[in-house]
Amino acid sequence: MSAKTSEIKLKFLEALQTISNAEELEKIRVEYIGKKGYVTELLKEMKNLSNEEKKTFGQEVNILKNEVNDKISEKREELRLKEIELENSRMPEFDISMPPKLKRGSYHPITLVQRQCEEVFRSMGFAIEDYSEIVTDYECFEALNIPKNHPARDMQDTYYLENGQLLKSHTSAAQNAIYKKYKDALINDGKPIKAIFPGRCFRNEATDACHENTFFQMEGVMVDKNISISNLIFFMKTMLSEVFQKDIKVRLRPGFFPFVEPGFELDISCLICGGDGCPSCKHSGWLELCPCGMIHPEVLRMGGIDPEEYTGFAFGLGLTRLAMMKYGVKDIRDLNSGSLKNLAQFTDDK
Ligand code: FA5
């Protein structure tokens, strides 16, 4: 190796020792094997050499160029590994066996209220039933004594499917199926029908602070011999005092529903405004919560039960409104908003 080539190689190896990052490495690469680098410049000296010398010198310069290239690649890899090591050392300790520190979710206020009601009724011997959200016209209306073109249908305009079925507008849509399911045990074994069936309902509504187009109700029925309005009032009172755990002002007034006779509207004093009137109660101080009544003989008959022998009561509790009252939710629309921040404030740590 010529003295010049050896000198350049030595200088390069010394410089390489001082490199501590990728920018410095690139600088040294350009300085030695770039277009005007020391190694490249060596080749220009070839023109003064004989043919024999050119051959040896050319090989020598090429070997040096490859060596410089290899050393630079090695250094690049070394720097990359050092960088990863540094990154890792900056990361916080990670212990795979530690439980996650994520905040736990909470139940939706409606779920909580539904479970409380279910518990109360379960303890009084009621079965809890589930029912489809898509029902037939017969289930939703006809079996409830609401024939086609009956004006009561206007109050429950809902969403119809192309096949003629509809999204149920009230949980009463399950009544007929419940009667048919339990009637044999009632008639043959004398077991009273006692069932509640919570569910989601849909109505084509203009929404406001106390009306949603999608809301929850919980229907309840009891059928046996000699069931009267006093049974109905007892169960309603028990349910409300258990859910609220305090005395609630209620009022019962006549209400018309084609599937009960007589029918009532059970209202509770608005707990948002204390009865003074606010948007949540349409400024009346009262909130319609649980219409109810004695099951219409025709409805029992359509369920396969003889109304001469058996009587019963039914109620349709507004679960979403109950959740509003229980958790002080001023606007019903917040409950369907999907805002976890909004919803968690009512139920956190409960
Ligand atoms: C009914 O739906 C009857 N099926 C209830 C019934 C059952 C009566 C059994 C007699 C016997 P109504 O349309 O009033 O009735 O609704 C019942 C309750 O559901 C209301 O008191 C209210 O609390 C709630 N509710 C009704 N519409 C809405 C709505 N758009 N948004 C929120 N809650 C509603």
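For every chain, the first residue of the written sequence is number 1, and numbering continues from 1 onward in sequence order. At least 70 in pLDDT is required for a residue's local features to be given in this predicted model, at least 80 for side-chain atom pairs to be given and counted, and no such filter applies to totals for whole chains, interfaces and linings, which use all residues. Side-chain numbers come from the whole structure's heavy atoms, not from hydrogens or water.

A.B. asks: Explain the domain arrangement of the chain here, please?
C.D. replies: When the parts of a complex come together, some accessible area is lost, and that lost area is often used as the size of the interface. Once the domains are mapped, the chain shows domain 1 (3-90) and domain 2 (109-346). Using only C-alpha atoms to locate each centre, domain 1 and domain 2 end up separated by 85 Å. Domain boundaries shown here were taken from an automatic or database domain assignment.

A.B. asks: Help me understand the side chain of arginine 321 in this model?
C.D. replies: Checked against the element boundaries, arginine 321 lands in helix α10 (residues 319-327). A simple rule labels every residue: compare its accessible area, found with a 1.4 Å probe on the protein chains alone, to the largest value its type can have, and call it buried under 20%, exposed over 50%, or partly exposed in between. Here the positive residues are Lys and Arg and the negative ones are Asp and Glu; neither His nor the chain ends is included. When a carboxyl oxygen of Asp or Glu is within 4 Å of a side-chain nitrogen of Lys or Arg, the pair counts as a salt bridge. No salt bridge forms around the buried arginine 321; measuring N to O, its nearest opposite-charge neighbour glutamate 288 is 4.6 Å away. At 3.3 Å, the side chain of arginine 321 forms a polar contact with the side chain of histidine 211. At 3.0 Å, the side chain of arginine 321 forms a polar contact with the backbone oxygen of glutamate 288. We call two residues in contact when some of their heavy atoms are within 4.5 Å. When residues no more than four places from it in sequence are discounted, the contact partners of arginine 321 are Cys210, His211, Leu287, Glu288, Leu289 and Ile332. In this text, helices come from DSSP runs of H or I with a minimum length of four residues, and strands from runs of E with a minimum of two, each type numbered from the N-terminal end. N or O atoms closer than or at 3.5 Å make up a polar contact, with two conditions inside protein: a donor-capable atom paired with an acceptor-capable one, and, for residues adjacent in sequence, both atoms drawn from side chains.

A.B. asks: What exactly am I supposed to notice about the pairing of strand β7 (residues 260-269) here?
C.D. replies: The side chains of a regular strand alternate between both faces of the sheet. Burial analysis of β7 places 8 of its 10 residues in the buried class, the great majority of the element. In this description, strands pair whenever DSSP reports at least two bridges between them. Pairing analysis gives 5 bridges linking strand β6 (residues 250-254) to β7, with the strands arranged antiparallel. Following the sheet pairing, leucine 252 is matched in β7 by leucine 266. Between β6 and β7, which pair antiparallel and follow one another directly, the connecting turn spans 5 residues. Pairing of β7 with strand β8 (residues 286-288), which is carried by 3 bridges, proceeds in the antiparallel orientation. Its bridge partner being in β8, serine 269 is matched across the sheet by tryptophan 286.

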